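Structural overview for review
Residue-level listing of the chains:
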Amino acid sequence: MQGCEVDSKMRYWLTLISGMLECLCFAGVVFGYTSLVFVLKEDQYFSELCSNNTAGDSSLVETDCRGQDEQFSLVFTIASFLNNFLSLINGYLFDRFGTMVTRLLAVSLYTTGTLFVAFSSAAYSLMLFPALSCIAVGGILLLMTNIQVGNLFAAHRSTIITFYNGAFDSSSGVFLIIKILHERGISLQSSFIALSLCSIILVARTFLLMPRTHIPYPLPPRYTYGVTCGQANSYNVEQVKRSKEDASNQDSSGKDETAKSDETDVENTEKVASFRSCALSWFFLWHLVWLSILQLRHYLFIGTLNSRLSRLARNDPTLVSQYTNAFAMTQLCGVLCAPWNGLILDRHKGKPRAPGETEQDADLRSSYLSLFLTSLQCLLFSVCASIPVLPLQYVTFILQVLNRSFLYGGNAAFISIAFPARHFGKLYGLVMSLSAVISLLQYPCFSLVRGPLDGDPFYVDITLTLLSVLVFIHPVYVFIHCRRKARSRKNIPPADIDIGPSLAQAKL
C-alpha cells in the first residue's frame, strides 16, 4: 500500500513536468507566427500579391507587398479567432467527455495542422489557413487539459496554472527554432514533418500520465490515474460521485445533525452557483471586458509585427530579422515570468486566515493585486508600442511577454478561483469564445492602417492605449467586493461560494 502511494506521488510529479514540457513545445506555437512569416516570405508564400512600382520619375523599382502582408495578417486573425471562439465547444467537450477524449481531439487537430504546413508550398499558400487554425485549436485544447494538473498540488495550485500558461506563451519560440534551422538549410517541410511525428509523444502521455475523466479538487486521499497500482489506487471521479450519493443515503439513516446540516449547505450552495448565475455575474462581465481588451492589444501587435518592423527598419531585411529574433527570444522567457503571477495569487497559502474567512475569500483577496498588475503592464506595453522608435521595441518586447504571461495565467487562475470547479471548462470556454469575437477587430484595424493611414499604426496604437484604461475597472471591482465581504464577515457568516451580484439582480 505504501509503495502505491509513493508511485502516485511520482506519477503526480511526472505529470507536472511532462505537462510543462508539452505546453512549452507544442501548445502555443502559433503565437510565434512572426518568425514563421519571415520564413514563409523567403519561400515566396503569397508572393503573387506583391507588385513592382516605379518610384516617381526615377528608374528605381520598389516592391509593394502590402497585399502579401494583409494576407499573412488574415491567416493569423482567423487562427487566433478560432483558437478562442471554439473554446466554448471545447470547454463543453472537456466537462462532458473528460480528459482522454479532449486530448485525442487535440492531438488529431495538431497533427493535421502540422501536416498541412508540411505539404504546402508557395503554389498552395491557401493551405496555411486551415493549417494554422488546426494548430491553434489543438494547442489550446492541450493547455485546457493540463490546467487541471494544478489540482494535484493544492498549496501551489495557482502557481502551477500560471506556470503552464507561461510555458504556453514560451512555446512560440518553436517557430524561432524553425526559422534558424531554415537559415541553416533545413526546409520548412522537414521541420513540420518532425513536429507531426512528435504527436506520438502526446498520445503516449494521454494514456499513461493523464486521467480518463478529470482531476478533482480538492484532491481525495490516494487519488491516482493512468496505470493503476492495486485496488487502493483504482479511484476515479465517477467513484467520488457514487460515494457522495452513498454518504447522502447514510445521512438519512444514521448521521448526526451536524453532518446533515453540512450536506444541506452544500446542496444550497450548488443551487446558487449554477452555470447561469456564474455567466450572468458582474465578476464574469468585467473579467470578459478585461480579457477582451488586453487580448485584442496583443493580437494586433503580434499580427502586425513583421510589417511594423519593416516600416521602422526601412525594409532592411537584416534589421527585420534581428528584431524578429529578439522578439522570439523574449517569448521564451514567458515560462519564467508567469509563475510570478502565481506566487502573487498563492501568497496567502499556509498563512492563518481572518476569522470567518474562507479559502475562496483569501484567493479573491490575492486576485485583485494580480489583476491590477496585469492591467498596468498592458498600459505600459501599449504606450511603448505606440512610440515609433525602433530601439525602443526591445523594451516593448519585454513588456509584451511579461504582460501576456500574466494575462493568460491570471485568466485561468481567476476563473478557477471565482467560480465552482464543475463549471471551469464551460466558463473558460465561454470567456475565451466571447473575447474571440472582440479579437476580430484586429483585422479592420490592420486594414485601416494599410489603407487610410498609409501604413502608419500610430493613431490605432493611441486608440488602443486609451481603451486599455478601461481594464482597471475589473481589479477595482474585485477589491471593492473583497472589502465589503470583510466588513460583513464580522456580523454575517460568509457563504462558501460567492460570485458577486448577478446582472439579473442588478437589473442590467
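Definitions and limits used
Residues numbered from 1 in each chain as written. Predicted model: local features only at pLDDT ≥ 70, side-chain atom pairs only at ≥ 80, totals over all residues. Heavy atoms only, no water. Disulfide = S-S within 2.5 Å. Buried < 20%, exposed > 50% of the residue type's maximum accessible area, 1.4 Å probe, protein only. Axes fitted to C-alpha atoms, helices over the stretch in contact; angles between N-to-C directions. Helix = DSSP H or I, 4+ residues; strand = E, 2+ residues; numbered from the N terminus. Parallel < 35°, antiparallel > 145°, perpendicular 65-115°, else oblique. Left-handed = near helix turned anticlockwise from the far one by under 90°. Contact = heavy atoms within 4.5 Å. Nonpolar A, V, L, I, M, F, W, Y, C, P; charged D, E, K, R; others polar. Salt bridge = Lys/Arg side-chain N within 4 Å of Asp/Glu carboxyl O. Arc of directions from axis to C-beta. Core = buried A, V, L, I, M, F, W, Y, C linked by side-chain atoms within 4.5 Å. 1 Å grid on protein atoms, 1.4 Å probe; cavity = no way out; pocket = protein on both sides within 12 Å on 5 of 7 lines; lining within 4 Å. Points joined across faces, edges and corners; volume = space filled by probe spheres on them. Phe/Tyr/Trp six-rings, centres within 6.5 Å; stacked < 30°, edge-to-face > 60°. Lys NZ or Arg CZ within 6 Å of the ring centre and 35° of its normal.

Under the definition given, this model contains 0 disulfides. Summary of cysteine pairing: Cys25 is not part of a disulfide, and the nearest cysteine sulfur, belonging to Cys198, is at 8.0 Å. Of the residues examined, Cys25 reaches a relative accessible area of 32% and is grouped as partly exposed.

Time to look at the packing of helix α16 (residues 334–345) against helix α18 (residues 393–418). Put simply, α16 and α18 touch, their axes get as near as 8 Å, and they point 40° apart. Accordingly, the angle class assigned to the pair α16 and α18 is oblique. Between α16 and α18 the crossing geometry is right-handed. Taking contact as the criterion, the partners of Gly334, Cys337, Ala338, Trp340, Asn341, Ile344 and Leu345 in α16 are, on α18, Val401, Leu402, Ser405, Phe406, Gly409, Gly410, Ala413 and Ile417. Across the contact of α16 with α18, the residue classes tally to 10 nonpolar, 5 polar and no charged.

So, about the pattern of salt bridges. With the rule as written, the count across this model stands at 7 salt bridges. When the shortest N-O distance is used, the salt bridge between Glu22 and Arg103 registers 2.7 Å. With a gap of 81 residues between them, Glu22 in helix α1 (residues 2–27) and Arg103 in helix α5 (residues 99–118) connect regions that are remote in the sequence. The class for Glu22 is buried, based on a relative accessible area of 3%. Residues Lys41 and Asp69 are paired through a salt bridge, measuring 2.7 Å at the closest nitrogen-oxygen approach. Taken together, the residues Lys41 in helix α2 (residues 33–42) and Asp69 in helix α3 (residues 66–85) connect sequence positions 28 residues apart.

Moving on to helix α20 (residues 442–450). Those residues of α20 lying buried are Gln442, Cys445, Phe446, Val449 and Arg450. Burial along α20 is one-sided: seen end-on, the buried residues are contained in an arc of 135°. The secondary structure elements touched by the buried residues of α20 are α3, α14 (282–312), α19 (424–439) and α21 (458–467).

Moving on, we come to the nonpolar core. If you look at soluble globular proteins, the nonpolar side chains tend to sit buried side by side. Formed by 109 residues in total, the largest nonpolar core has its most connected members in Leu132, Leu188, Phe192, Phe419 and Tyr428. If near-sequence neighbours (up to four positions away) are discounted, Leu132 is found in contact with Val30, Tyr33, Leu36, Val75, Ala79 and Val117. Formed by 6 residues, the second largest nonpolar core is a distinct cluster that contains Leu300, Cys445, Val449 and Leu464.

A separate point is the layout of surface pockets. What the second largest pocket holds in volume is close to 1100 Å³. Of all the secondary-structure elements, those providing two or more residues to the lining of the second largest pocket are α2, β2 (61–64), α3, α14, α15 (317–331), α17 (359–386), α20 and α21. Among the elements that line the lining of the second largest pocket, the one with the most residues is α14, at 8 residues. Counted by class, the lining of the second largest pocket contains 14 nonpolar, 13 polar and 11 charged residues.

Under the definition given, this model contains 27 aromatic pairs. Between Phe327 and Phe397, the aromatic rings sit 5.2 Å apart at their centres with planes inclined by 70°, giving edge-to-face as the arrangement. Residue Phe327 is found in helix α15, and its partner Phe397 is found in helix α18; the two are separated by 70 residues along the sequence. On the basis of relative accessibility, which here comes to 2%, the residue Phe327 falls in the buried class. In this structure, Arg11 packs its charged tip against the face of Tyr225, placed 5.9 Å from the ring centre.

Interhelical geometry of α14 versus α19 gives an angle of 50° and a closest axis separation of 9 Å. The orientation of α14 relative to α19 falls into the category oblique. Seen along the crossing, α14 lies across α19 with a hand that is right-handed. Of α19, the residues touching α14 (which contributes Phe284, His287, Leu288, Leu291, Ser292, Gln295, Leu296 and Tyr299) are Leu427, Leu430, Val431, Met432, Leu434, Ser435, Ala436, Ile438 and Ser439. For the contact of α14 with α19, the per-class residue count stands at 12 nonpolar, 5 polar and no charged.

In short, geometric facts, not functional conclusions.
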